[in-house]
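# Structural overview
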Amino acid sequence: MKLIKKVLGCFQNCDTIGKIQQGSAWWFNDNKTGMEKQMTSLANLGLLGNFLGMLTDSRSFLSYSRHEYFRRILCNLIGTWVENGEYPYDKENLTEIVKGISYNNAVRYFGFDL
């Protein structure tokens, strides 16, 4: 699987930021560990800051609480990296990463005119 991810990285270009995205872990690994592993894998093989965030069935009212669960796991993961000295504590940069993954990256990627 890692080889496939590395080969896919060869097809990136400057036309679209984060052109190739990994599929979401929560369809088959719908738990905290599965989400953390998927985001860690993305950070190891690409750029987590370009991640499009959580994919869900927006027709379900219960999906709204899943987005909050996702954001908490995301922030905890990034916070742990900062505490461990694996990422610099730059509050402004960290805020942009979380806002991007939670909303802005998907708007930019899909070209939504909001």
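What you are looking at is a predicted structure, and each value in this text was computed from that prediction instead of being measured.

Right, let's get into a nonpolar patch on the surface. Together, Tyr103, Phe110, Phe112 and Leu114 line one region of the surface with nonpolar side chains, adding up to about 510 Å² of accessible area. Phe112 sits in the partly exposed class, given a relative accessible area of 48%.

Next up on the list: helix α2 (residues 32–45). Taking 1.5 Å per residue as the helical rise, α2 with its 14 residues ought to reach 20 Å, and the 20 Å between its terminal C-alpha atoms agrees with that figure. The backbone nitrogen of Thr33 lies 3.2 Å from a side-chain oxygen of the residue at the head of α2, namely Asn31.

Moving on, we get to the nonpolar core. Among the nonpolar cores identified, the biggest contains 17 residues, and Met39, Leu48, Phe51, Phe70, Leu74, Ile78 and Ile101 are the most heavily contacted of them. Taken together, the elements giving at least two residues each to this core come down to α2, α3 (63–83) and α4 (91–110). In contact with Ile78, other than residues within four places in its own chain, are Leu48, Leu94, Ile97 and Val98.

Rules and cut-offs
Residues numbered from 1 in each chain as written. Predicted model: local features only at pLDDT ≥ 70, side-chain atom pairs only at ≥ 80, totals over all residues. Heavy atoms only, no water. Patch = residues over 30% accessible without salt bridge, like charges linked within 9 Å, V, L, I, M, F, W, Y side chains within 5 Å. Areas by Shrake-Rupley, 256 points an atom, 1.4 Å probe, with all protein chains shown as cover. Salt bridge = Lys/Arg side-chain N within 4 Å of Asp/Glu carboxyl O. Buried < 20%, exposed > 50% of the residue type's maximum accessible area, 1.4 Å probe, protein only. Helix = DSSP H or I, 4+ residues; strand = E, 2+ residues; numbered from the N terminus. Expected span 1.5 Å × (residues − 1). Polar contact = N/O pair within 3.5 Å; in protein donor to acceptor, adjacent residues only side chain to side chain. Core = buried A, V, L, I, M, F, W, Y, C linked by side-chain atoms within 4.5 Å. Contact = heavy atoms within 4.5 Å.

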